[in-house]
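Breakdown of the fold
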Amino acid sequence: MSTASARPRVDVRLRMLLDSWPDTPAMIIDRRLDLLATDALADALYADFAEADNLVRMIFLDPSGEVFFVDWQRTARACVANLRLALGHDPHDRRVHELVEGADRGSPRFRALMWFPGG
């Protein structure tokens, strides 16, 4: 299920700030790790991903994730930690639960980190 239509809009002033760094890949993300806005360099940087819309999906579900992120294990652990933080902020956030369920179904590595972090 796509959650793109439910994403918040980025304030035009924040978008202008993002675009004011033409030599730096930049993005704005929310607590769910949705990419709310990216600049042209970030778009180019993430071009190999099927869809650069959410870091959880990019890291765990897109085959490009394992190649793109130099220290994939560290990135994956940080991603899961951020998801737990999002759930702690709002344990009833349906979009976070959908994201976790999708990654859980699609990635044994996500499942292992999410539910058995020490194992």
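Residues numbered from 1 in each chain as written. Predicted model: local features only at pLDDT ≥ 70, side-chain atom pairs only at ≥ 80, totals over all residues. Heavy atoms only, no water.

Here's the deal with the overall build of the protein chain
Along the backbone of the protein chain there are seven helices and two strands. At 15 Å, the protein chain has a C-alpha radius of gyration in line with the 14 Å of a compact globule built from 119 residues. Overall, the C-alpha framework of the protein chain stretches about 45 × 30 × 25 Å when taken along its three principal axes. In the protein chain, which comprises 119 residues, the share counted as buried stands at 36%. Long-range contacts, defined here as pairs at least 24 residues apart, represent 38% of the contacts in the protein chain between residues at least 6 apart. Element-wise, carbon and sulfur atoms account for 57% of the exposed surface of the protein chain, whose accessible area totals about 7400 Å². Measuring between centres, the 15 positive side-chain charges of the protein chain sit 5 Å from its 18 negative side-chain charges. (Helix = DSSP H or I, 4+ residues; strand = E, 2+ residues; numbered from the N terminus. Rg over C-alpha atoms; globule rule 2.2 N^0.38 Å. Buried < 20%, exposed > 50% of the residue type's maximum accessible area, 1.4 Å probe, protein only. Contact = heavy atoms within 4.5 Å. Areas by Shrake-Rupley, 256 points an atom, 1.4 Å probe, with all protein chains shown as cover. Lys, Arg positive; Asp, Glu negative; His and termini not counted. Charge placed at Lys NZ, Arg CZ, Asp CG, Glu CD.)

A word on the pattern of salt bridges
A complete count under the given rule lists eight salt bridges for this structure. Note that Arg32 and Asp30 form a salt bridge whose closest N and O atoms lie 3.6 Å from each other. We classify Arg32 as buried; its relative accessible area is 17%. Among the ionic pairs, Asp53 bridges to Arg57, the shortest N-O distance being 3.1 Å. You can call Asp53 buried: its relative accessible area is 9%. Overall, the relative accessible area of 24% leaves Arg57 in the partly exposed class. The network of salt bridges with common partners includes Asp30, Arg32 and Asp93. (Salt bridge = Lys/Arg side-chain N within 4 Å of Asp/Glu carboxyl O.)

Remarks on the nonpolar core
Val56, Ile59, Phe60, Leu83, Val100 and Phe110 are the most contacted members of the largest nonpolar core, which has 25 residues in total. Put simply, the parts of the chain that give this core at least two residues each are helix H3 (55-61), helix H5 (72-89), helix H6 (94-106) and helix H7 (108-115). Sorting elements by how many residues they give to this core places H5 first, with seven residues. Not counting the four nearest positions on each side in its chain, Phe110 is found in contact with Val56, Phe60, Val80, Leu83, Val100, Ala103 and Asp104. (Core = buried A, V, L, I, M, F, W, Y, C linked by side-chain atoms within 4.5 Å.)

Examining the UniProt feature "domain: MmyB-like transcription regulator ligand binding" (unreviewed entry) in the protein chain
UniProt records the feature "domain: MmyB-like transcription regulator ligand binding" (unreviewed entry) for residues 12-113 in the present numbering. The span residues 12-113 carries 63% helix and 7% strand; its end-to-end C-alpha distance comes to 37 Å. (UniProt positions renumbered as here; feature names shortened; annotations may be inferred.)

Observations regarding the packing of aromatic side chains
For the structure shown, the criterion picks out seven aromatic pairs. Both rings, one in Phe60 and one in Phe110, keep their centres 5.1 Å apart while their planes meet at 80 degrees; by these two values the pair is edge-to-face. Taken together, the residues Phe60 in helix H3 and Phe110 in helix H7 connect sequence positions 50 residues apart. Here Phe60 and Phe110 have matching classes, each one buried. Linked through ring pairs, Tyr46, Phe49, Phe68 and Phe69 together constitute an aromatic cluster. Against the face of Trp72 rests Arg109, its NZ or CZ located 3.8 Å from the ring centre. (Phe/Tyr/Trp six-rings, centres within 6.5 Å; stacked < 30°, edge-to-face > 60°. Lys NZ or Arg CZ within 6 Å of the ring centre and 35° of its normal.)

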